Amino acid sequence: MVGLHDDGLHDDGLGDDAGVVTYSGSGQFGPHAVKLRQRQDLATVFAADPETVAHVFGALASPVRIQLVRALLDGQKTSQELRGVLDDASAGQLYHHLRELLAAGLVVQPARSVYAIPFSKVVATCVAVVAALDLAATNHQAPPPAPGD
């Protein structure tokens, strides 16, 4: 958890790594238990290629694709199962959205007509959704509390 301190960013209980962004998570995703802790220094975050970041967030920038991602977090699904998630959308609509997720590397196709989120990306995918919720809920009118308040 990264917090604001009067002299900049500091790590809240995760060590003395000033200037580090950390996330972690674990859970049962389909038949597999997944646990991950990821750390990046701020220099790497600020140097990230804007095209790559925008491509990933662009792939997630659709309510339909978020529905597909949520379904795939529970384990791999066939195209027929995914059509059911979308209330029997046409095959063309489904494949349009899957192409975007595949191109961004968020989804893989382990077999014909079968789709999955790679296990190495399930926690990061959940973090992206949580971060979007946090960003949408942020109150921009009040400053953060001062340390010790």
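Computed from a prediction, not measured in an experiment: that's the story for all the values here. The numbering scheme is per chain: residues are counted from 1 as the chain's sequence reads. Reporting in this predicted model follows two pLDDT cut-offs: at least 70 for local features of residues, and 80 or more for side-chain atom pairs to be given and counted; totals over whole chains, interfaces and linings ignore these cut-offs and use all residues. Values shown for side chains rest on all heavy atoms present in the structure; no hydrogens or waters enter the calculation.

Asker: Mind showing me how you'd approach the environment of L86 here?
Answerer: With respect to the helices and strands, the residue L86 is situated in the loop between α4 (79-85) and α5 (91-103). Distance from L86 to V64, taken between C-alpha atoms, is 7.4 Å for residues 22 residues apart in sequence. Residues in contact with L86, not counting those within four places in the same chain, are V64, Q67, L68 and L94. Helix and strand assignments follow DSSP, with helices taken as H or I runs no shorter than four residues and strands as E runs no shorter than two, numbered in order from the N terminus. Throughout, a residue-residue contact means that at least one pair of heavy atoms, one from each residue, lies within 4.5 Å.

Asker: Teacher, can you tell me more about the environment of V64 here?
Answerer: Mapped onto the secondary structure, V64 falls in helix α3 (residues 63-73). Along the backbone, V64 and L98 are 34 residues apart, and their C-alpha atoms lie at a distance of 9.9 Å. Residues in contact with V64, not counting those within four places in the same chain, are L86 and H97.

Asker: Would you take a moment to explain the nonpolar core for this structure?
Answerer: Generally speaking, soluble globular proteins have nonpolar side chains that are buried together. Core analysis: the largest hydrophobic core is formed by 23 residues, its most contacted members being L68, L82, L101, I117 and V122. Residue assignment for this core shows that the elements contributing at least two residues are α3, α5 and α6 (122-137). The dominant element in this core, judged by the number of residues it contributes, is α3, at 5 residues. Those residues in contact with L82, other than ones at most four positions away along the chain, are L68, A71, L72, K77, L94, L98 and Y115. To form a nonpolar core, buried Ala, Val, Leu, Ile, Met, Phe, Trp, Tyr and Cys residues must be joined to one another through side-chain atoms within 4.5 Å. Whether a residue is buried, partly exposed or exposed follows from its accessible area with a 1.4 Å probe, protein chains only, as a fraction of its type maximum: under 20%, in between, or over 50%, in that order.

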